[in-house]
Amino acid sequence: MTQDVKESFGSPGGSLAAKVRTLAPSMTRSMQRVAEAVAGDPAGCAALTVTGLAELTGTSEATVVRTARLLGYPGYRDLRLALAGLAAQQQSGRAPAITTDIAVDDPIADVVAKLAYEEQQTLADTAAGLDTVQLDAAVTALAGARRTDVYGIGASGLVAQDLTQKLLRIGLIAHAHSDPHLAVTNAVQLRSGDVAIAITHSGSTGDVIEPLRVAFEHGATTVAVTGRPDSAVTQYADLVLTTSTSRETELRPAAMSSRTSQLLVVDCLFVGVAQRTYETAAPALAASYEALAHRHRNASR
C-alpha cells in the first residue's frame, strides 16, 4: 500500500487508515484496491453506490461488500455513512469524533450532556418505531411459555442476561446463552409452547442466527430484536422487534446505541409479561426481594 494512502487521512480518519494498513495483508488484491480507494478519498467514495465503487476500483459489488465487512461494517451502507462523516470532519477541520457529536477535546461536562441527549434520542426513536402488535404477541408468547431461551453475543449478550434475570425474578423459566455451542444444543430441546429470542443489532451475527434457526425448526415461537428488520436473523423470526439504528462515527462502537434501544425493548417485554402474569409474578417478585433482604440489611450495618 502506498505511503500517500497511509497518510491520506491525517487525524480525522486516522483510525480507518490504520485499520486498512493492518488488514491489507489479509485482503485479496481487489479488496486492497477498494480499501485504498475509501482511505484515499472518503468524500468521493461516500458519494458512490456499491456499483459505482466497484466500477471505480475495477472490482465487483461482492468484493466491495466483503471489504466493508472486513473493515468492521455490517454492509456497504454503513461504510458509506462512516465515510461521509469522516469527509465532513476533514472539510470542517473539527477534531475527530468519538460519537456523532462528541470530539476528542470536548470537556467532560459536554460529554455528559451530549451523551444524555443521544441516549434520549435513541429511546425516542425506538419507541416510535416499535411495532406494538408484534410486541403484544411476543408478550403473550412469553407469558405462556414453558421456557424461554435468549441468545446474544457481546453487548447483546449482556442484554440477553438482563431479560432472563427479570423473567426469573417473576417465576418464569428463562436461560441466556452467549456460548454458541450451548445455545444450539439447548435450542434442539425447544418445541411448540417455548420461546426463543435472538438479540442482534446487525441481524447478521451467525452465532445468534444459528440457534434461532434451530428453535424455529423445532416449533418454538421465535423473536428477533434487531436494528435491521430486513436482515438474515428475521427469516427465522415469527416476530420482529426493531430497535433504533443511531448514526455512528468511526470511533463509536455500535454497542453504545444498540444497547440502549435493546434494553428499552427488554423492559417493555418484561413489564408486559408482569402485567399478564401479575397474580403469580407479584408473589414471586416479593419472594425474591425477601430472599435477598438480609444481604441488604447486613450491608447497611
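For the structure, see preceding data.
Before going into details, it helps to say that this report is about the structure given with it. (Residues numbered from 1 in each chain as written. Predicted model: local features only at pLDDT ≥ 70, side-chain atom pairs only at ≥ 80, totals over all residues. Heavy atoms only, no water.)

Describing the overall build of the protein chain
Assigned secondary structure in the protein chain consists of 14 helices and five strands. Of the contacts formed within the protein chain by residues at least 6 apart in sequence, a portion of 70% connects residues at least 24 apart. Taken as a whole, the protein chain presents about 14,500 Å² of accessible surface, with 56% of it coming from carbon and sulfur. (Helix = DSSP H or I, 4+ residues; strand = E, 2+ residues; numbered from the N terminus. Contact = heavy atoms within 4.5 Å. Areas by Shrake-Rupley, 256 points an atom, 1.4 Å probe, with all protein chains shown as cover.)

Side note on empty space enclosed by the protein
Scanning the entire structure with this criterion turns up one cavity of 30 Å³ or more. One number sums up the size of the largest cavity: a volume of about 30 Å³. Around the largest cavity sit Y151, G152, I153, H177, S178, D179, P180, A183, D207, V208 and P211, which together line it. Among the elements of the structure, β1 (148-152), α11 (180-187) and α12 (206-217) are those that each provide at least two residues to the lining of the largest cavity. The element best represented in the lining of the largest cavity is α12, accounting for three residues. (1 Å grid on protein atoms, 1.4 Å probe; cavity = no way out; pocket = protein on both sides within 12 Å on 5 of 7 lines; lining within 4 Å. Points joined across faces, edges and corners; volume = space filled by probe spheres on them.)

Structural notes on the pairing of β1
Regular strands place side chains that alternate from one sheet face to the opposite one. Across the five residues that make up β1, a large majority, five, are buried. Residues of β1 alternate between two faces, with T148, V150 and G152 on one and D149 and Y151 on the opposite face, all of them buried. For the crossover from β1 across helix α10 (residues 155-169) to strand β2 (residues 174-177), the handedness is right-handed. As defined by bridge partners, β1 adjoins strand β3 (residues 195-199) across five bridges and the pair is classed as parallel. Pairing of Y151 across the sheet is with A198, part of β3. (Buried < 20%, exposed > 50% of the residue type's maximum accessible area, 1.4 Å probe, protein only. Right-handed = clockwise from strand over helix to strand, strands pointing away. Pairing = 2+ DSSP bridges.)

Thoughts on the layout of surface pockets
Taken as a whole, the second largest pocket spans an internal volume of roughly 270 Å³. Put simply, the parts of the chain that give the lining of the second largest pocket at least two residues each are α6 (61-70) and α7 (76-92). For the lining of the second largest pocket, the leading source of residues is α7, giving three residues.

Quick notes on the nonpolar core
I197, L241 and L269 are the most contacted members of the largest nonpolar core, which has 28 residues in total. Not counting residues within four places of it along the chain, the set of residues in contact with L269 comprises L135, A138, V139, L142, L163 and L241. Formed by 20 residues, the second largest nonpolar core is a distinct cluster that contains V20, M27, V64 and Y76. (Core = buried A, V, L, I, M, F, W, Y, C linked by side-chain atoms within 4.5 Å.)

Looking at α11
Among all positions in α11, only A183, N186 and A187 are buried. Angularly, the buried residues of α11 cover 100° about the axis, an arc narrow enough to put them on a single face. Of the residues flanking the start of α11, the one acting as N-cap is D179, its side-chain oxygen 2.9 Å from the backbone nitrogen of H181. (Arc of directions from axis to C-beta. Polar contact = N/O pair within 3.5 Å; in protein donor to acceptor, adjacent residues only side chain to side chain.)

Here we look at the pattern of salt bridges
Enumeration over the complete set of coordinates arrives at nine salt bridges. Taking the shortest distance from any N to any O, the salt bridge between K166 and D267 comes out at 3.5 Å. Of this pair, K166 sits in helix α10 while D267 sits in helix α13 (residues 254-276), and the two are 101 residues apart along the sequence. Exposure remark for D267: the relative accessible area of 33% places this residue in the partly exposed category. Across the salt bridge formed by R213 and E217, the nearest N and O atoms sit 2.9 Å from each other. (Salt bridge = Lys/Arg side-chain N within 4 Å of Asp/Glu carboxyl O.)

With respect to the sheet that holds strand β5 (residues 239-242)
The parallel open sheet is built from five strands, whose spatial order is β2-β1-β3-β4-β5. At either end of the open sheet lies a strand with only one pairing partner, and these are β2 and β5. Averaged over all adjacent pairs, the angle separating strand axes in this sheet is 15°, with direction ignored. Sheet topology places β1 next to β2; four bridges connect them, and they run parallel. When the sheet's bridge partners are listed, V150 is paired in β2 with A176. Of the strands in this sheet, β1 and β2 touch α11, which is tilted by about 155° from β1. (Axes fitted to C-alpha atoms, helices over the stretch in contact; angles between N-to-C directions.)

Things to note about α12
The first and last C-alpha atoms of α12 sit 16 Å apart over twelve residues, in line with the 16 Å expected at 1.5 Å per residue. Buried residues along α12 sit against β1, α11, β3 and β4 (221-226). G219 sits one or two positions beyond α12 and adopts a positive phi of about 95°. (Expected span 1.5 Å × (residues − 1).)

Focus on the side chain of T126
Residue position: T126 is located in helix α8 (residues 108-129). Judged by its relative accessible area of 1%, T126 falls in the buried class. Of the polar contacts made by the side chain of T126, one reaches the backbone nitrogen of S244; its length is 3.1 Å. Apart from the residues within four sequence positions on either side, T126 is in contact with T242, T243, S244, S261, L264 and V265.

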